[in-house]
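Chain by chain, the residues:
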Amino acid sequence: MLELFIGNKNYSSWSLRPWILLKHFEIPFREHLLSVGGMTINPDIRNVAENGRVPALHEGDIRIWDSLAIAEYLAESMPSMWPKDRSDRARARSITAEMHSGFAALRKEFPMNLKLRVQGRPAPAEVQVDIQRIVAIWQSCREQHRDGPYLFGAFSIADAFYAPIVCRFETYNVEVPEKSAQYMATMLKHPAMMQWYEAARLESDSRAHYDAQTHSYGPSRP
Ligand SMILES: N[C@@H](CCC(=O)N[C@@H](CS)C(=O)NCC(=O)O)C(=O)O
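Below is a summary of the structure that appears in this document. What you see is a predicted model; the values in this text were computed from it and never measured.

1. Overview of the overall build of the protein chain
Within the protein chain, the secondary structure is distributed over 9 helices and 4 strands. Secondary structure elements of the protein chain occur, N-terminal to C-terminal, as β-α-β-β-β-α-α-α-α-α-α-α-α. Taken over the C-alpha trace, the protein chain has a radius of gyration of 17 Å; the compact-globule value for 222 residues is 17 Å, and the two agree within 12%. Counting only C-alpha atoms, the protein chain reaches 50 × 45 × 30 Å along its principal axes. In the protein chain, which comprises 222 residues, the share counted as buried stands at 52%. Long-range pairs, those at least 24 residues apart, make up 74% of the contacts in the protein chain with a sequence separation of at least 6. A distance of 2 Å separates the average location of the 26 positive side-chain charges in the protein chain from that of its 26 negative side-chain charges.

Here's what the structure looks like:
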């Protein structure tokens, strides 16, 4: 049995990636929630992940940490987690890696917080740059892959990696063009995503420094 260690569903963007991937592909696993996002790193995480971060996955004696390593480990047994076509697969890997290693301004300014809804003034310029790049990725994927509602048609690791961005755009009320808005709606209606949101809503563990949002971004939607 796979054991997945994750952070609070309201705050842990990295944890959502392997969780939604396992759920979508109906791979059974046991989940263990560790408290994250405090003023200091939770020392208990070291017991399950040597880098002291969640998500982490255990399978027997094998321990994997880091969301991308977990996704690649799972795809070894289930290659359909990546697109079938070689060139699509190369692109899916590229945008997944870009997500994993980039968009620092967006992550800093738009921390994941599913209980929050923010409206108001436009995001700072460096966040706008990240938003524009993400929208360009989504638009081109959705224009090229019409055989299904996800980035490469069928759900793939790329969608799992962009899932937390969908949440952030929803929280911070980021306006996106139609195809991207449809993609966001598809992701927000994914049964696993809805399950994650519901569990986040019921969490009582709160982080004042994330909840007391002083900034507000993006044009308000009617
Ligand atoms: N590169 C890692 C990043 C993981 C990460 O930063 N996790 C945060 C939670 S979202 C964490 O474990 N923080 C420890 C803490 O807040 O105590 C991955 O993709 O898995």
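Here the narrative resumes.
2. What about the packing of helix α1 (residues 13-24) against helix α6 (residues 157-171)?
Packing of α1 against α6 leaves a shortest axis separation of 8 Å and a crossing angle of 135°. Classified by the angle between their axes, α1 and α6 sit oblique to one another. Here α1 and α6 pass one another in a crossing that is right-handed. Along the contact surface, α1 presents S13, L16, R17, I20 and L21, while α6 presents I157, A160, F161, A163, P164, C167 and R168. For the contact of α1 with α6, the class distribution of residues is 9 nonpolar, 1 polar and 2 charged.

3. Regarding the sheet that holds strand β3 (residues 56-59)
Each strand in a sheet pairs with its neighbour through backbone hydrogen bonds, running either in the same direction (parallel) or in the opposite one (antiparallel). The sheet built from 4 strands is open, its strands ordered β2-β1-β3-β4 with mixed pairing. Two strands bound the open sheet, and with one partner strand each, they are β2 (29-33) and β4 (62-65). Here the average twist between neighbouring strands, direction ignored, is 20°. Most of the contacts of α1 go to strand β1 (residues 2-6), to which it runs at about 145°, and overall it touches β1 and β2. The strands that helix α2 (residues 67-77) touches are β1, β3 and β4; relative to β4, the one it contacts most, it runs at about 130°.

4. A word on the site of the ligand
Taken together, 14 residues lie around the ligand, and W14, G37, N42, V54 and S67 are the ones closest in. One of the backbone nitrogen or oxygen atoms of G37 is found 2.8 Å away from an oxygen atom of the ligand. Burial of the ligand by the protein chains amounts to 85% of its free accessible area of 510 Å². Split into classes, the residues belonging to the shell around the ligand amount to 6 nonpolar, 5 polar and 3 charged.

5. A word on unusual backbone geometry
Glycine aside, residues mostly have negative phi, and peptide bonds are mostly found in the trans state. Backbone torsion omega between V54 and P55 reads 10°, so that peptide bond is classified as cis. Mapped onto the elements of the fold, P55 is located in the loop between β2 and β3. One non-glycine residue, E26, lies in positive phi territory at about 55°. Tracing the backbone through its elements, the reader meets E26 in the loop between α1 and β2. Judged by relative accessible area, which is 70%, E26 ranks as exposed. Non-glycine residue F103 carries a positive phi angle of around 55°. Topologically, F103 is positioned in the loop between α3 (86-101) and α4 (104-109). Judged by its relative accessible area of 7%, F103 falls in the buried class.

Conventions we followed
Residues numbered from 1 in each chain as written. Predicted model: local features only at pLDDT ≥ 70, side-chain atom pairs only at ≥ 80, totals over all residues. Heavy atoms only, no water. Helix = DSSP H or I, 4+ residues; strand = E, 2+ residues; numbered from the N terminus. Rg over C-alpha atoms; globule rule 2.2 N^0.38 Å. Buried < 20%, exposed > 50% of the residue type's maximum accessible area, 1.4 Å probe, protein only. Contact = heavy atoms within 4.5 Å. Lys, Arg positive; Asp, Glu negative; His and termini not counted. Charge placed at Lys NZ, Arg CZ, Asp CG, Glu CD. Axes fitted to C-alpha atoms, helices over the stretch in contact; angles between N-to-C directions. Parallel < 35°, antiparallel > 145°, perpendicular 65-115°, else oblique. Left-handed = near helix turned anticlockwise from the far one by under 90°. Nonpolar A, V, L, I, M, F, W, Y, C, P; charged D, E, K, R; others polar. Pairing = 2+ DSSP bridges. Near = heavy atom within 4 Å. Polar contact = N/O pair within 3.5 Å; in protein donor to acceptor, adjacent residues only side chain to side chain. Areas by Shrake-Rupley, 256 points an atom, 1.4 Å probe, with all protein chains shown as cover.

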